[in-house]
Amino acid sequence: MWLPYYMQFLVYSVAVNVFLFFTIVIYYKDLLLSRFDNKLLPEYDFIIVGAGTAGSLIAHRIASETNFTFVVLEAGGRSNPFYEVPVFGPLLQGSMYDWMYETTPQEHACFAMVDRKCKLAQGKIVGGSSKLNNMIHLKGNTSQYSEWFHGKYGIEFFEKHLNYIEEEIFYVNELKYESELADAVLDAAKALGYEIIGNDFKIGFLKNIITQKNGKRWTTSDKLDVNKHVITNALVEKVLVNDGQTYGVNVYISNSRYTVFARKGVILAAGTLNTPKILQLSGIGPSKLLESLDIPLIQDLPVGLNLQDHIGTGLDLILLNKSLSISTENVLNPFNLFHYIQGEGPWTYPGSEVSGFISTKNLTSPDIQIMILPVGIASDKGSLLRKRLGITDEAWNGYFTKIFDKHASTFCTIILHPKSRGSVYIKSRDAKIPPLINAGYLSEKEDVDTLISGLKLAIKLLKTDSLKSIKAYLNTNHFPGCGDHKFFSDKYLECYIRSLTLSSYHPVGTCSMGLPELKNTVVDTSFRVLNVKNLYVADGSVLPTLPGVNINAAIAMMANIFFETNIKNLPTKNKVKYCDKYDKINQYLFKICN
């Protein structure tokens, strides 16, 4: 009975390892080139740290609309056409293109993960986490965005910026390929009285809108001339500040340390987990933390606090007796390459095809998102996805192996506005040491109660004729460690949620925007770090609360606002002589180089 599964595991493992070997070759080739082809100049107008969604968008607009000199310092490597294949995104998680961060052992969650640590995939690549995500593009609640800025801008302001990034930055498209489950879920939602919605923020269901161009993954970094403006494998150690004024950064490139000067400013766009790390290493953060590591204090600010994430559960919760058109076997079919070249077929698949937004409290705005994934983690028989999540042997053998003969799908039920908070703190003065990330998942019981209600509403879809027609049913195997509770009772669901806790990889909040007098504020409503001149933060870390949707569109919008309010209207200069990078005398004495 187990022989076919072992054979599948072997085939899947070979395919995965071939791809990973390819990534290793590409990664080290880029690493070698960055060592011998270092185009770094000693000084620029702006230094941008991070080439993710925010950093790349800001860099693109500076390059195309101003005469300012700038450089983007990216700790990861370059992308590759194979990494643009949407269905390969999960293969980059846990690779050298991932920071491979994980939480500290969680007290209230992640019980089914090794050492109670949840994985936190974050892109370490030009394009950032948008090279690893599901490409879902949703605008969210513009009234919430106005609250982030404390009424500084009206709703029309945010709608203008969201429209701009859709029309000028992203390629926003409908799904190119989907399974039978997509229409079945939408029909089920309509049967339960839910509206089929578009790219707006209200209760209802929709087929996911994604950022793709001709079936290929599209990110803000695709608008940027990487060869000209980006230095890869460049790990920024700290920001340099003197008398309250930022003047540059220290950066490691291939283990060599450089100091780079900024005439007009340093823009941190390294992400919610790395931006607070850089600030703390620079002496900007909680005074007690910095004193404990003997880091001279520049500003005592709540950097690293207020960490939030969209978390959920529901892996392999829905079973079918037959395979859907999206399956591991179908994805591995090499003939799909020909369909992909034409911009269609299974390789264009983003991972999640339908999203539902529901309210567990009968309110007018949703508090739960249901992401429909037609393939579960048991589908690859443990060759990759289990490792990427860090599932324990007990959970894997006691739950997931029992459905190897079924087709598993996931109704991932996600809390949109969690009350739980976490923190990101450095544990060393060494920039190469990962920070301590205590996510604080499910530390507030209200979050558990909301997820319980959300799971119950999600499972109501199964009772409709639409899902019955494709023979979808609930996985009734008891989750290991939860067997003492009646199946699907509140006690059982609480145990299940605390065991199988999943991050959506949407961390925000660690450098929160706000008014100077508020306790969590790190940057003001102009993205300036409090009491430090010429230092800005413009990434997901500034979001004081989570948007009620996937976060990529909101981060792009914030980056666009940053450019237009801080850089676009600055006085520009005339083009001047370009100096060779070795002409340091002219550069330092006369400042005439571009």
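Our subject is the structure listed above.
The structure reproduced in this document is the subject of the present report. (Residues numbered from 1 in each chain as written. Predicted model: local features only at pLDDT ≥ 70, side-chain atom pairs only at ≥ 80, totals over all residues. Heavy atoms only, no water.)

Considerations on the pairing of strand E2 (residues 70-73)
Then step 1. Side-chain alternation along E2 places Phe70 and Val72 on one buried face and Val71 and Leu73 on a second face that is also buried.
Then step 2. Read from strand E1 (residues 43-49) through helix H2 (residues 53-65) to E2, the crossover connection turns out right-handed.
Then step 3. For E2 and strand E9 (residues 230-231), the ladder comprises two bridges, and the chain directions are parallel. Bridge assignment links Val72 to a residue of E9, and that residue is Val230. (Buried < 20%, exposed > 50% of the residue type's maximum accessible area, 1.4 Å probe, protein only. Helix = DSSP H or I, 4+ residues; strand = E, 2+ residues; numbered from the N terminus. Right-handed = clockwise from strand over helix to strand, strands pointing away. Pairing = 2+ DSSP bridges.)

A look at the sheet that holds strand E8 (residues 216-217)
Then step 1. Strand order across the open sheet formed by three strands is E5-E7-E8, with antiparallel pairing between neighbours. Each edge of the open sheet is held by one strand with a lone partner, namely strand E5 (172-173) and E8.
Then step 2. The pairing of strand E7 (residues 210-213) with E8 spans two bridges and is classified as antiparallel. Bridged to Lys213 within E8 is Lys216.

Topic: helix H17 (residues 552-566)
Then step 1. The terminal C-alpha atoms of H17, which comprises 15 residues, lie 21 Å apart, in line with the 21 Å expected from a rise of 1.5 Å per residue.
Then step 2. A large share of H17 lies buried, amounting to 14 of its 15 residues. (Expected span 1.5 Å × (residues − 1).)

Side note on the side chain of Ser383
Then step 1. Inspection of the secondary structure assignment puts Ser383 in the loop between strand E18 (368-373) and helix H12 (385-389).
Then step 2. Exposure remark for Ser383: the relative accessible area of 5% places this residue in the buried category.
Then step 3. In this structure the side chain of Ser383 is engaged in a polar contact, spanning 2.9 Å, whose partner is the backbone oxygen of Asp380. (Polar contact = N/O pair within 3.5 Å; in protein donor to acceptor, adjacent residues only side chain to side chain.)

Examining unusual backbone geometry
Then step 1. Backbone geometry places Met135, a non-glycine residue, at a positive phi of 65°.
Then step 2. By secondary structure assignment, the location of Met135 is in the loop between strand E4 (119-120) and helix H4 (142-148).
Then step 3. Phi angles above zero are rare outside glycine, and Asp294 is one such case at about 60°.
Then step 4. For Asp294, the location among the structural elements is in the loop between helix H9 (287-292) and strand E14 (299-300).

Describing empty space enclosed by the protein
Then step 1. Applying the stated rule across the entire model yields three cavities of 30 Å³ or more.
Then step 2. In this structure, the largest cavity occupies an estimated 100 Å³ of space.
Then step 3. Lining the largest cavity are 13 residues, and of these Leu307, Gln308, Asp309, Ala439 and Tyr441 lie nearest its centre.
Then step 4. Grouping the amino acids of the lining of the largest cavity by side-chain chemistry returns nine nonpolar, two polar and two charged. (1 Å grid on protein atoms, 1.4 Å probe; cavity = no way out; pocket = protein on both sides within 12 Å on 5 of 7 lines; lining within 4 Å. Points joined across faces, edges and corners; volume = space filled by probe spheres on them. Nonpolar A, V, L, I, M, F, W, Y, C, P; charged D, E, K, R; others polar.)

Looking at the nonpolar core
Then step 1. Phe400, Leu467 and Phe479 are the most contacted members of the largest nonpolar core, which has 89 residues in total.
Then step 2. Ranked by the residues each element gives to this core, the list is headed by helix H6 (residues 180-191), at seven residues.
Then step 3. If near-sequence neighbours (up to four positions away) are discounted, Phe479 is found in contact with Ala112, Ala395, Tyr399, Phe400, Tyr492, Tyr496, Ser499 and Leu500.
Then step 4. In this structure, Ile47, Ile48, Phe527 and Leu530 belong to the second largest nonpolar core, which totals 79 residues. (Core = buried A, V, L, I, M, F, W, Y, C linked by side-chain atoms within 4.5 Å. Contact = heavy atoms within 4.5 Å.)

Some points on the side chain of Asn80
Then step 1. With respect to the element layout, Asn80 can be found in the loop between E2 and helix H3 (89-92).
Then step 2. Discounting chain neighbours no more than four positions away, the residues touching Asn80 are Phe22 and Ile26.

Points about the state of the cysteines
By definition, a disulfide links the sulfur atoms of two cysteines through a covalent bond.
Then step 1. Overall, the coordinates contain two disulfides when judged by the stated rule.
Then step 2. Each disulfide pairs two cysteine sulfurs, and for Cys110 the partner residue is Cys118, the sulfurs being separated by 2.2 Å. The sign of the -110° torsion about the S-S bond sets the Cys110-Cys118 disulfide as left-handed. Like Cys118, Cys110 is buried. (Disulfide = S-S within 2.5 Å.)

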